[in-house]
Amino acid sequence: MSFQLSYKKTDLDLTQTLNKPKKWYYVAVFLLGLGVAWGAGSWLHQILTGIGVAGKNNPVGWYLYITTFVFWVGIAHSGTLISAILFLFRVKWRASVYRSAEAVTVFGLATAGLFPLLHMGRVWVFYWTLPYPQMGGLFPNFRSPLVWDVFAITTYLTVSSIFFLTGMVPDVAIIRDKARGWRKKLYGFLAQGWQGTDNQWRHYTAAYVFLAALATPLVISVHSIVSWDFAMSIVPGWHSTIFAPYFVSGAIHSGLAMVMLILIPMRSAFRLHPYITDHHLESLAKFLLFTATMVGFAYFVEVFIAWYSHNPWEQAIFIYRAFGDYWPAFWSLFVCNLLVPQLFWWKRFRRSIPFLVFVSVAVTIGMFFERFVIITTSLAHEYIPFMWGLPDLTFTELGIVVGSFSWFFFLFLIFAKTLPVVSMWEVKEQLDPPVVRKSKDRTS
Amino acid sequence: MNLPRRDFLKIIGGATVATALPGCTPKKPQSLIPYVIPHEEIIPGKSVWYASVCRECPAGCGVHVRVREGRAVKVEGNPLHPVNRGTLCARGQASLHGLYNPDRLQHPLRKRPDGSWEQLTWEQAEELLVTELQRIVKERRGSRVAWMTPHLTGSLDALVDEFLTSLGSRRRLRYEPFGFETLKEANKATFGRSEIPMYDFARAQAIVSFGADFLETWVSPVSHAREFTETRTFNGKSVNRFVYVGPRLSLTATNADEWIAPVPGTEHLVALAVLDFILASGKATTSRTETRELQQSIRGISPAEVAEITGVNAERTRSLANMLLEAKPSLVVAGGPVIGNEYELQTLVAVNLINYVLGNIGTTVRFDEPLALSALGSYADLSRFAQSMEQGEISALFFTETNPVFTTAHRLNFGHAMTKIPLTVAFSSFMDETTAQAGLVLPIHTSLESWGDFEPTDGTTGLMQPAMQPVFRTTRMLGDLLIRLKEKITGRGTLSGSEQPFYEYVKARWRSVHRRTGTRQDFDGWWTERLANGGEFNPRRTTRLPVRLATRKYRFTSPQINDSDFTLVTYPSISLYDGRGANRPWLQELPDPMTQITWENWIEIHPSDAGKLGIKRGDIVKVVSDQDSIELPAYVYAGVRPGTVAVPIGQGHTEYGRYAKGNGANVISLLDPLPLQSSGSQEWSGLSVRLVKEDKTVPLADVAGSDYLHGRNIVQVVTVDELLRQTNELAEGKEKKEITFGEPGSPTLYPEHEHPDYRWGMTIDLDKCTGCSACVTACYAENNIPVVGKHQVEIGRELSWLRIERYFDDPPKDPSFPYFPNAEFLPMMCQQCDNAPCEPVCPVYASYHTPEGLNAQVYNRCVGTRYCANNCPYKVRRFNWFDYEFPEPLNWQLNPDVTVRSKGVMEKCTFCVQRIVEAKNSARLEGRPVADGDVTTACQQACPTQAIVFGDLKDPSSRVNALREKNKVRGYRVLEELNTQPAVVYLKEIRS
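Residues numbered from 1 in each chain as written. Chains lettered and ligands numbered in written order. Predicted model: local features only at pLDDT ≥ 70, side-chain atom pairs only at ≥ 80, totals over all residues.

1. Re the overall build of chain A
Then, number 1: A count of helical and extended segments in chain A gives 18 helices and zero strands.
Then, number 2: Principal axes of the C-alpha set define a box for chain A whose edges measure 85 × 60 × 40 Å.
Then, number 3: Going through the 444 residues of chain A one by one, you find that 48% of them count as buried.
Then, number 4: Sequence separation of 24 or more characterises 82% of the internal contacts of chain A that already satisfy a separation of 6 or more. (Helix = DSSP H or I, 4+ residues; strand = E, 2+ residues; numbered from the N terminus. Buried ≥ 20, exposed ≤ 12 C-beta atoms within 10 Å, placed from the backbone. Contact = placed C-beta atoms within 7 Å.)

2. Remarks on the overall build of chain B
Then, number 1: For chain B, the count of helices and strands is 29 helices and 37 strands.
Then, number 2: Against the globule reference of 30 Å for 992 residues, chain B gives a C-alpha radius of gyration of 28 Å, in line with a compact fold.
Then, number 3: Referenced to the eigenvectors of the C-alpha coordinate spread, the extents of chain B come out at roughly 95 × 80 × 65 Å.
Then, number 4: Across the 992 residues that make up chain B, the buried fraction comes to 58%.
Then, number 5: A separation threshold of at least 6 residues defines the contact pool for chain B, and within that pool the share at least 24 residues apart is 74%. (Rg over C-alpha atoms; globule rule 2.2 N^0.38 Å.)

3. Observations regarding the domain arrangement of chain B
Then, number 1: One can read the domain layout of chain B as domain 1 (5–104 + 451–473 + 498–537), domain 2 (109–179 + 376–443), domain 3 (181–374), domain 4 (566–697) and domain 5 (717–765 + 830–991).
Then, number 2: Taking only C-alpha atoms, the centre of domain 4 of chain B and the centre of domain 5 of chain B are 38 Å apart. (Domains from an automatic or database assignment.)

4. Focus: the confidence of the model for chain B
Residue and element names in this part refer to chain B.
Then, number 1: Here chain B averages 88 in pLDDT, while 94% of its residues score no lower than 70.
Then, number 2: Ranking the elements of chain B by mean pLDDT puts helix H1 (residues 5–20) last with 65 and helix H23 (residues 774–782) first with 95.
Then, number 3: Counted against residues more than four places away or in other chains, residues 22–27, with its pLDDT under 50, gives eight contacts.
Then, number 4: Reported confidence for the predicted complex is 0.91 by ipTM and 0.90 by pTM. (pLDDT = per-residue confidence, 0-100.)

5. As for the pairing of strand S27 (residues 760–765) of chain B
Residues and elements named next belong to chain B.
Then, number 1: For S27, a buried count of six out of six residues is recorded, marking the element as mostly surrounded by other parts of the structure.
Then, number 2: By the alternation rule, side chains of S27 split into Trp 760, Met 762 and Ile 764 and Gly 761, Thr 763 and Asp 765, which are all buried.
Then, number 3: Bridge analysis of S27 against strand S34 (residues 948–952) gives five bridges, and the strand direction is antiparallel. Looking at S34, one finds that Thr 763 is bridged to Val 949.
Then, number 4: Direction of pairing for S27 relative to strand S36 (residues 984–987): parallel, over a ladder of four bridges. (Pairing = 2+ DSSP bridges.)

6. Brief notes about the interface of chain A and chain B
Then, number 1: With 36 residues of chain A at the contact, the number on the chain B side is 41 residues.
Then, number 2: Counting residues per element, the side of chain A that touches chain B draws most heavily on helix H7 (residues 145–178) of chain A, at three residues.

7. Overview of helix H6 (residues 181–191) of chain B
All names here are of chain B.
Then, number 1: In terms of burial, H6 is largely enclosed, as 10 of its 11 residues are buried.
Then, number 2: Looking at H6, one finds that the buried residues are Glu 181, Thr 182, Leu 183, Lys 184, Glu 185, Ala 186, Asn 187, Ala 189, Thr 190 and Phe 191.
Then, number 3: At the C-terminal side of H6, Gly 192 shows a positive phi close to 75°.

8. Comments concerning the sheet that holds strand S19 (residues 535–537) of chain B
Residue and element names in this part refer to chain B.
Then, number 1: The strand order across the open sheet built from three strands is S17-S18-S19, with neighbouring strands paired in antiparallel fashion. Edge positions in the open sheet fall to strand S17 (452–457) and S19, since each of these has one partner strand only. Taking each pair of neighbouring strands and ignoring which way they run, the sheet shows an average axis angle of 20°. (Axes fitted to C-alpha atoms, helices over the stretch in contact; angles between N-to-C directions.)

9. A few points about the packing of helix H5 (residues 98–112) of chain A against H7 of chain A
Residue and element names in this part refer to chain A.
Then, number 1: In contact at an axis separation of 9 Å, H5 and H7 are set at 150° when each is read in the N-to-C sense. As the angle between them shows, H5 and H7 are arranged roughly antiparallel. As H5 runs across H7, the sense of the crossing is left-handed. Where H5 abuts H7, its residues Glu 102, Ala 103, Thr 105, Val 106, Leu 109 and Ala 112 lie against Ile 153, Tyr 156, Leu 157, Ser 160, Ser 161, Phe 163, Phe 164 and Gly 167.
Then, number 2: Here the residues of the contact of H5 with H7 are counted per class, giving nine nonpolar, four polar and one charged. (Parallel < 35°, antiparallel > 145°, perpendicular 65-115°, else oblique. Left-handed = near helix turned anticlockwise from the far one by under 90°. Nonpolar A, V, L, I, M, F, W, Y, C, P; charged D, E, K, R; others polar.)

10. Considerations on the pairing of strand S15 (residues 423–428) of chain B
Every regular strand shows the same layout, with side chains that alternate between the two sheet faces.
Residue and element names in this part refer to chain B.
Then, number 1: Within S15, five of the six residues are buried, which leaves the element mostly enclosed by the surrounding structure.
Then, number 2: Sheet topology note: the strand S14 (residues 396–400)/S15 ladder contains five bridges and is parallel. Paired with Phe 398 across the strands is Val 425, a residue of S15.
Then, number 3: As defined by bridge partners, S15 adjoins strand S16 (residues 440–443) across four bridges and the pair is classed as parallel.

11. Description of the environment of Ile 804 of chain B
Residue and element names in this part refer to chain B.
Then, number 1: Mapping Ile 804 onto the fold places it in strand S28 (residues 803–808).
Then, number 2: The class for Ile 804 is buried, based on 23 C-beta atoms found within 10 Å.
Then, number 3: Each C-alpha atom of the pair Ile 804 and Met 829 lies 8.8 Å from the other, and the pair is 25 residues apart in sequence.
Then, number 4: In contact with Ile 804, not counting residues within four places along its chain, are Pro 593, Gly 771, Ser 773, Val 776, Phe 825 and Pro 827.

The structure is reproduced here in structure tokens:
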């Protein structure tokens, strides 16, 4: 960590993010609020009228909602990866980025979790998918991947929220110490009586390692389970054993891109350059290059197996993806997810902010397309040619998708002004401990 | 006596209530709380069946109407009726949508001078009518009163005549748009008999049809379809051949072994060439002089010339002739709108001669049992009628259930002619185009609410009885009205004193039938029995002189071929017929079997023509004839001849209720108003039209995703040779059975489902399925399937649990190679898999496996994730995207045994589980297991060719198993390799 930083400067720099926001912030919050309102209104309309106001039809029962669901679950993956796995591997550069990454996880899940409800025909009885004591003795069907999904998502949301809040405790305590009024109460609650005693630190660091160890398998399991929503079916293009690792690497890929997309503007807005350095971004870029090759490998394996298996249904679906109605989506995912990140082989591009943004945007779009292609093309061209068909894009469905993006960024903006976006205590861990010296520069 | 239990129950039910019915009159007060004092015959939850006659087309099939709690909920075929033998087509099923149509007229209406309607009471209306008629009689204009009816026979027909006679008039026109004038004219020209004979398809060893779509709309489609499949069944050695000659690949044509498309207007030359070959072969059954004379009258038409003009080479005509010569007896049928051109009469005469020289007259073409249809007037009669109206010769016009304003050419101006008549009275249930032109509209009962009788052939008389009390208490039975009017005007007669005059009238007429049968049973008992049976079926064969040629000299002419323009071919839609089905939502939503389009009509253009004009599917095309022009979306279809365009009749209503209005365009307006000189028929086809491509493209509301199989073995076809080879191998035990996955008992790691009592299954013989889609509408009727409307069909949300998948043969890779498409049909419903992909994926057990092997769907448990539908390889699950409406009183039709599903819920075929439960209940009450045949699914019940057989797979002697056993070589399961183990086995289609 840069030598000019001190504990005190760190505290000052990283709590100034909570100062009274500027005008652009309110404008942004308002606009995103409008987006959320559009989404909420669309949902209400859909509940009252029926799911038919979205564009699904008979062959294509899952469409943009499930696409967006998988997209957000994927986004949610990098957070825990960066905070937990990299923590366990003692990767130092994670310290300044993990807080934002965790926020992306929690808000990503908070967004993704809405979609299983959104796409349900009768959302008012969604609780039937939960195991609860019921008079008739009816329980969910544990053979259904959708039930696994319910557990996977709720577990992940719980663990990542706890991890997020626990990691914040020492930082929140600093804010609490300076806050007054209701803020003091709020931060006091979040700080959970943190005093920074040696005993507390001893327990805290141990607990943090355990939590990290607990969260790590979830990174793998959650998206594996999400992938089984597809892989467990007999739909050509879905029914594939590669899906779990394929989805996990894709999830991390998209998550890293989203973290980058959030960090770069945030760094400029809050002037966090000393904390989130180009080195950090470069590390993320390298990671993105790695996941890009993993994802690319999965793409080729999928196509190869379709050819190698001699399974006519599987072959037909890949030919359809490449040359059928959605061919632009198919080819653009190759370009966006695999080819564009290859730029990061050159340091020049890894260090260039515009290129980082460009690649991150490309990967985000590409990963959305990837889920879209997997879900929609497979359903549109299944076994019975008579029942092939394309869905319709409606205003309501679009509204809900746009609403979900608004909702995510809305939550993030609120977070950025209420909680420290960079972990103070972990940054400080990497600094030289303050030595009381009588020197001019120290007192000035 | 061999009387199945179900039939026995139906008869008993029908009989008991029939005896009680005369007590029911519309005057009884209806209480909001029914059955405070329970009705003796009506047991809540028990169906009562009434026998009646279907009046949706002139065929006159017998029906059973299922009535629950006083409401008719389903119409099925009457097994005793000789025309349809228990089956029913889609239009017959949809007669309930006529009965419960929300756009039915409910009050007498009088037109004000400004064209708006004034509602009258019945007293006012009757008084108005009586004074008007009395004045006409007083002014001695009684002979200028005219009556127009559709094809009627029996009591109502007689009553209309009596009504006219009492006024001193004989102006009566029985008009049907498809009146088979040319057929009668040709029979008159050849045999001197202006009649429509009975065609016996069942006996024919080879069939050729010249444009007669007898599986869809021609004469009596249900009985023809049944007989046709009977004769086409594989007899162990071969199948009988069927060749279709006509400009368009219709449903009938695609069921043929060969489709020959000569240049429109040259069909008679093909027929003559065939006749020539037959006469030249020396194998004709005619005497030598007759043969020579016939040869002379057709001389001058050389085979080479014919081949050049018709585009059908001599080899094909020769093989056609040989095919007919080899088969004894054979049958050649001809006629119908698709060849309804100038030369139709010549075609039909030539066909008559072919039948004659082959000796088919008297065997497969029987003039000893002529159809009552023969009494219909012709289009020429109608146009003369219109002329006399225009000239003011008619002082009052009465009409019922006939819609000439819609079914005649725009330029005939029938509507305008009506305005020249001081008094036009419509006895009508619906505000159709003609009714809208009337001065006085009197709403009448539909046929399901009326008494009456109908005689398709002499001696086969169906008896109609009201299946329920009238839906609207303000409508009247036409017969009652006529009797009352007649007696009021003449001041004679006593029937109007009775509560149900027409019932008395019908009964009185049946007394003579009773006498004629010579039975010793007393009339009342006999009458009750006839009511329960649905009529008296004792066809009388007239023993008249043998049919001889009226003359041996015929004149045939070569047509003028017009190269520049397109030739228009019109054809009646299988579901809408002449347009009368257009206000039935079930029929609007029923996909046309060939194009799979719903809710509209279209213009069929050959791909090569479409390419030349730059027309693509869905492009709006303006069709211009010298009479009028209409705009229609294009359907590019290899099943029409190049240079020919085809348009179905039936859409394009400007009135006729919410479901009919505004769909498609009425092609009849393009036609020439002048009747054909030769036959007096409307010139349905052969008109030359111009096509102008408009700058607009619309989506077509079709339900077909892809028209082709893409090499997938979903519909399987076997050739006769292959079938024989495999059968022999099976017999010799040579057959080396590979391990097949997907059959019960095949290797698996998992325990199989146990079915302790029953396991329901189905066997569907694709060789018998003609694609007529009667089963689809039957399924809608039985299972409360909502109609979703055009836009929802466009975006793929039709809710049909059962669909007829239509696949064309793959087109050749080389586009220059001639492509003659042929369609195969596959009825696809839930396959009730033993290893169902839908079951494990449901998070809440809404789809689960019953102990009887059904994939049940628990509607009230479903949360609507749609995963089951995604995972269903057959794509037979349907989702309720909205809450669908059944506008009052259509909701009265809903089957009380079946849930009406709410929005957000998945639904699917249940193998009519409500019928299974009903059969199990009654079996239990009788202390026995369910016997084979106790349960009939709605689709099986309707199927005119009995292609669908349902039953218990655990019962080794059941029909469903017996069929599988007998046709082992042909049996297959769709997508067998997925190991879903469906309970539905299809038998491969046989191609000769």
